[in-house]
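# Remarks on the overall topology
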Amino acid sequence: MCEDFDVAIVGGGMVGASLACALTQTRLRSALIDTLPADAASHPSFDERTVALTYSSRLIFEGLGVWNSISPLHAYPILRIHVSDRGHSGITRLDHGLVGTEALGYVVPNRALGKALYDCVATHPGCHKLSPARATAIDVNEDHARLTVESDATNRTIRAKLVVIADGGRSPLTDELGFKNSLTSYPHVALVSRVHTDRTHDGTAYERFAGAGPLALLPIDTKQFALVWTLDEEDAKRLRTAPEVEFIGELQNTFGDRAGIFSNPATRYQYPLALSRLTDPAQPRVVVIGNAAHSVHPVAGQGFNLGLRDVAALADTLYEAQRHGNDIGSMPVLDGYCRWRRRDTRAVGVFTDGLINVFGSRFSPLVTLRNLGLTAIELMPPVKRALLRRTMGLHGPRSRLGLGLRLSD
Ligand SMILES: Cc1cc2nc3c(=O)[nH]c(=O)nc-3n(C[C@H](O)[C@H](O)[C@H](O)COP(=O)(O)OP(=O)(O)OC[C@H]3O[C@@H](n4cnc5c(N)ncnc54)[C@H](O)[C@@H]3O)c2cc1C
């Protein structure tokens, strides 16, 4: 049996599901394929993590029409960010007033995001959901690509003018197609949890560079933080299962008491960290987006935000191609998308990797320099503003969705 679509999306995680939602605003028929239903307990994308969304991602979700179902129940505003370097005096404080937006960003539970995105596509006749289903092979010819999809222990064939790979780098498809990837694994992992504190945080997020890497506290609920702590693998392994008292003691010792006295840690999870980027994310009839195309250290909460900007640019590109009667899987169309995304993808990779290298160094001249840097930024509001606009995704060419508009507006 062979089913025909305009677009087949391999991977219905945060990025793939966002694209499926965007395509409901076009006349393109899409298939969204994922190994697991979005509400599965072991879903690799919609898990117990929270994601820090930039203000520009909020605008994209507004354009997608899902922001109202995420906010106000599930989006915790980040009003200011406090950046510090453990054991040194340099600090920088970034406030939403500097850029004049309601917030710098929002912290949203991944599961809430998944629910909103799947609600968006649930009843749309143009989006066909296939899960649990696994794309296992791809074959490309001149006017379509053919995917082999394993579902209910049977193989089916999906034929599409364009295959979008948004599998988070978890399937062999990009290797099978010969996409070239530059990959560096960081010698650290992220330990993720939630902790209570005895103080209200007033919307303050903290990024503290300490030991192996950054420790981020993202404001959720009134007296709770989501924790993302970069650690050596050995330390992460020990702290993941350590008794609560030991875990809280080490966290408090590393972070200090600026955010209050911590207690009640939730279950702890561990994630590997890598920097990767495909040299060229498109081939005839195939384009790769999200983590499958680039992954970055979560230091500044940029990975998904970058993937969502892929979604907004690709949706815009495909909408325009269809409107003008162009072939959505052809290289002229996909090249336009690649040109649009190249600079942003590179810049975010360089920025996050630079932060890790500079703040991970124990070389004393560099330690002095980075502290001078933090102090200098603190004293220069125009520099802060420029830095914020970049990290908030408000810099460079914006897509229609990125302006908070629908594709057809
Ligand atoms: C600890 C940590 C904290 C983070 N915090 C932030 C943050 O605050 N802000 C931010 O912007 N980013 C953050 N990120 C990054 C963010 O999680 C990723 O960028 C995001 O999950 C990428 O989404 P994705 O959909 O591209 O890939 P994934 O989330 O990996 O999803 C891939 C999907 O593809 C499916 N799949 C795989 N293979 C197949 C196949 N063969 N067939 C069908 N389906 C398949 C999987 O089931 C999965 O659903 C963080 C990352 C980590 C590790």
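Up top is the structure.
Within each chain, residue numbers correspond to sequence positions counted from 1 in written order. Per-residue local features of the predicted model are confined to residues with pLDDT of at least 70, and side-chain atom pairs are confined, for both listing and counting, to 80 or more; whole-chain, interface and lining totals are unaffected and use all residues. Side-chain measures were taken over the full set of non-hydrogen atoms in the model, leaving aside hydrogen atoms and water.

### With respect to the overall build of the protein chain
Rule in force here: The numbering of helices and of strands both runs from the N terminus, where a helix is a DSSP run of H or I of at least 4 residues and a strand a run of E of at least 2. Burial here depends on accessible area, computed with a 1.4 Å probe over protein chains only, as a share of the maximum for the residue type. Under 20% is buried, over 50% is exposed, and the range in between is partly exposed. Should any heavy atoms of two residues lie within 4.5 Å, those residues are considered in contact. Computed with the Shrake-Rupley method and a 1.4 Å probe, the accessible areas treat only the protein chains shown as cover for residues. In this tally, Lys and Arg are treated as positive and Asp and Glu as negative; His is ignored, and so are the chain termini. Where a charge lies is defined by one atom per residue type, namely NZ (Lys), CZ (Arg), CG (Asp) and CD (Glu).
What the protein chain contains, in helices and strands, is 11 helices and 20 strands. In terms of its C-alpha atoms, the protein chain occupies a principal-axis envelope of roughly 60 × 45 × 40 Å. Counting across all 409 residues of the protein chain, residues that qualify as buried make up 55%. Within the protein chain, contacts between residues separated by at least 24 positions form 73% of all contacts whose residues are at least 6 apart in sequence. A total accessible area of about 17700 Å² is found for the protein chain, and carbon and sulfur atoms account for 53% of it. Of the charged side chains in the protein chain, 44 are positive and 42 negative; the average position of the first set lies 5 Å away from that of the second.

### Things to note about the environment of L73
Here L73 shows up in the loop between α3 (67-70) and β4 (76-78). Between the alpha carbons of L73 and V108 there is a distance of 9.5 Å; along the sequence they are 35 residues apart.

### A short note on the pairing of strand β14 (residues 213-220)
Rules: Strand pairing is assigned whenever DSSP detects at least two bridges linking the two strands.
In terms of burial, β14 is a largely internal element, eight of the eight residues being buried. Here strand β13 (residues 204-210) runs beside β14; their pairing, made up of five bridges, is antiparallel. When the bridges of β14 are listed, A210 appears paired with G213. Connecting β13 to the next strand, β14, in antiparallel fashion are two residues, including G211 with a positive phi near 60°. Note: β14 against strand β15 (residues 224-232), six bridges, orientation antiparallel. Paired with P219 across the strands is F225, a residue of β15. Where β14 folds back onto β15 in an antiparallel hairpin, the turn is made up of three residues, including D221, whose phi is positive at roughly 35°.

### Considerations on the packing of aromatic side chains
Heads up, the rule is: Side-chain rings of Phe, Tyr and Trp (the six-membered ring for Trp) are treated as a pair once their centres are within 6.5 Å; stacked means planes under 30 degrees apart, edge-to-face means over 60, and tilted covers the remaining angles. Only lysine NZ and arginine CZ atoms are considered, and such an atom sits over a ring when it is within 6 Å of the ring centre and within 35 degrees of the ring normal.
All told, the structure shown has seven aromatic pairs when counted by the stated rule. Relative to Y118, the ring of F46 lies with its centre 6.1 Å away and its plane at 85°, an arrangement referred to as edge-to-face. In this pair, F46 is assigned in the loop between β2 (30-33) and β3 (50-54) and Y118 in helix α4 (residues 110-122), connecting sequence segments 72 residues apart. Between the aromatic rings of W67 and Y106, the centroid separation amounts to 5.0 Å while the plane-to-plane angle is 65°, which identifies the pairing as edge-to-face. Of this pair, W67 sits in helix α3 while Y106 is found in strand β7 (residues 105-109), placing the two residues 39 residues apart along the sequence. A single burial state applies to W67 and to Y106, both of which are buried. The residue whose ring lies beneath R268 is F247, and the NZ or CZ to ring-centre distance is 4.4 Å.

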